[in-house]
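Coordinate inspection notes
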2 protein chains.
Amino acid sequence: MDQPPKLRLYTSAPLAAGAAVPLEAEQAHYLCNVMRAAIGSAVALFNGRDGEWRATIAEAGKKKALLAVESQLRPQGMEPDLWLIFAPVKRARIDFIAEKATELGVSVLQPVFTKHTVMSRVNDDRLRSIAIEAAEQCERLSVPEVRDPLSLDALLADWPEGRRLILLDEGGGGRPIAEALDDLPAGPTALLVGPEGGFAKTELDALRALSFAVPVGLGPRILRADTAVVAALSCYQAICGDWCRAPRSHSSTN
Amino acid sequence: MDQPPKLRLYTSAPLAAGAAVPLEAEQAHYLCNVMRAAIGSAVALFNGRDGEWRATIAEAGKKKALLAVESQLRPQGMEPDLWLIFAPVKRARIDFIAEKATELGVSVLQPVFTKHTVMSRVNDDRLRSIAIEAAEQCERLSVPEVRDPLSLDALLADWPEGRRLILLDEGGGGRPIAEALDDLPAGPTALLVGPEGGFAKTELDALRALSFAVPVGLGPRILRADTAVVAALSCYQAICGDWCRAPRSHSSTN
């Protein structure tokens, strides 16, 4: 069997055999100048809806390129319905959260402002770019949706019925995470991580009282917010999510 | 009960009631100039052997300071015997690995050179500084030992009897990590993560054949090496390590 193409790009265009996919300036530049791909080079494409497709470069220029879609490499499968709700933190660490959460398979990135959140705004476009790049690299078939920031109150006032909220309870009130996840019913889930300074006591009390909240603890050490995000998402995927199935084979070179 | 001091420092000096602990220039600068602590300010101290102690600043200068040790805050407890063995990656990501592994409770950081490792040297001193700072922040009572880099062959030739090796098998040959960890016997453990390019096929074949190796998989997406480190350490602590016990209470402000 052919090796899948090493170049991999996200597009919003529909993907089907024979489709022509135009690339914008930034992707064309990456492909033709950074990666030095030429006409005829193979590229894997995904759009979050139609699976992954093999395409070749039909036209290449400095500011645009055209890809010819050939055949499907992988069908679109089911992915975990897992939201990450996080208080914005400083730039390097928020970039890190967006990258890692994408690799770890979240479906929605939802920034939330809490009482102790120091940051007052979020660069959504930047988070979207990071999520796209991480999705391209980690071989996901989708890109997480980056939602507009909300206050914690607004988020909870409009909470979707049936979605569980795993609450990272830095106050020590939660169950050990593996034990709590073992008992978690299957279904839509969200993970909530507070800011570096922690939740305010009033916030934590209100969150713990929610019928859909599952307060969990991450051990005896104080984790930074970005560490807690990766740690909790990893435990979720390992115990409840798509790491429970046997892994698909990845290529390994000699 | 008094709140524990917000300032927290690692020292190599012995800690006991009445002991005087001199600080070197860098720590004195941090304490007195960066954190603006004055004579009489409380500081928590730990050295990895004697637990955590409350001390106060007895003498303060630009280039040195002296702390007077008063009373024990926490006894030294048992910590997981967990080594992280990792192929060096680029600077921002190796810094990240040292910080996160410290927060996640590893006892040893062991850099290892594999066939596909791009980096040819490691700045041990820098990793030690990062580990100390992370240990101070996360309220650990110890700092992981940063060992000199070794080749994979040298590491395996001198493998300690009785220590399990959790192998992050990016070739798809491993069991889902939660399932493998559920079956892991208690005892000394090491986690091995390859370089960004993965292990060479010959390396992976040899590793899989080791009697003490437990190959595991981290799901269907390709994780970066630094993500894989945090993900696997988190799963280990949650399922086999010190996150299984009920968390101790952390303070939360209003």
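Here's what I pulled together on the structure shown here. The shown structure was predicted, so the numbers you read here are calculated from the model rather than taken from an experiment.

Some details on the interface of chain A and chain B
Every contact between the two is made by 48 residues of chain A and, on the other side, 47 residues of chain B. Breaking the side of chain A that touches chain B down by element, the ones donating at least two residues are helix 2 (91-103), helix 3 (124-138), helix 5 (177-182), helix 6 (201-208) and helix 7 (225-239) of chain A. Broken down by element, the residue count for the side of chain A that touches chain B peaks at eight residues, all from helix 7 of chain A.

Observations regarding the nonpolar core
One recurring pattern in soluble globular proteins: nonpolar side chains tend to sit buried together. Residues A:Val229, A:Ala232, A:Cys235, B:Val229, B:Ala232 and B:Cys235 are the most contacted members of the largest nonpolar core, which totals 118 residues. Not counting residues within four places of it along the chain, the set of residues in contact with A:Ala232 comprises A:Ile166, A:Leu168, A:Ile177, A:Leu191 and A:Leu218.

A look at the pairing of strand 5 (residues 65-74) of chain A
All names here are of chain A. One ladder, built from four bridges, connects strand 2 (residues 20-23) with strand 5; its direction is antiparallel. Looking at strand 5, one finds that leucine 23 is bridged to alanine 65. Examined bridge by bridge, strand 4 (residues 52-60) and strand 5 share eight bridges and lie antiparallel to one another. Paired with alanine 60 across the two strands is alanine 65, which belongs to strand 5. In this structure, the hairpin formed by strand 4 and strand 5 is closed by a connection of four residues.

Here we look at the pairing of strand 13 (residues 213-217) of chain A
Side-chain positions along a regular strand alternate between the two faces of the sheet. Residues and elements named next belong to chain A. Counting buried positions along strand 13 gives five out of five residues, so the element sits mostly inside the fold. Burial along strand 13 is two-sided: Ala213, Pro215 and Gly217 and Val214 and Val216, pointing in opposite directions, are all buried. With four bridges connecting them, strand 10 (residues 164-168) and strand 13 associate as parallel partners. Bridge pairing in strand 13 links leucine 165 to alanine 213. Where strand 11 (residues 175-176) and strand 13 come together, two bridges link them in parallel fashion. Paired with arginine 175 across the strands is valine 216, a residue of strand 13.

Side note on the sheet that holds strand 5 of chain A
Backbone hydrogen bonds hold the strands of a sheet together, and the pairing may be parallel or antiparallel. Residues and elements named next belong to chain A. With mixed pairing, the five strands of this open sheet are ordered in space as 1-3-4-5-2. Looking at which strands have only one partner, the edges of the open sheet turn out to be strand 1 (8-10) and strand 2. For this sheet, the mean angle separating the axes of adjacent strands, direction not counted, is 40 degrees.

Criteria and cut-off values
- Residues numbered from 1 in each chain as written.
- Chains lettered and ligands numbered in written order.
- Predicted model: local features only at pLDDT ≥ 70, side-chain atom pairs only at ≥ 80, totals over all residues.
- Contact = placed C-beta atoms within 7 Å.
- Helix = DSSP H or I, 4+ residues; strand = E, 2+ residues; numbered from the N terminus.
- Core = buried A, V, L, I, M, F, W, Y, C linked by C-beta atoms within 7 Å.
- Buried ≥ 20, exposed ≤ 12 C-beta atoms within 10 Å, placed from the backbone.
- Pairing = 2+ DSSP bridges.
- Axes fitted to C-alpha atoms, helices over the stretch in contact; angles between N-to-C directions.

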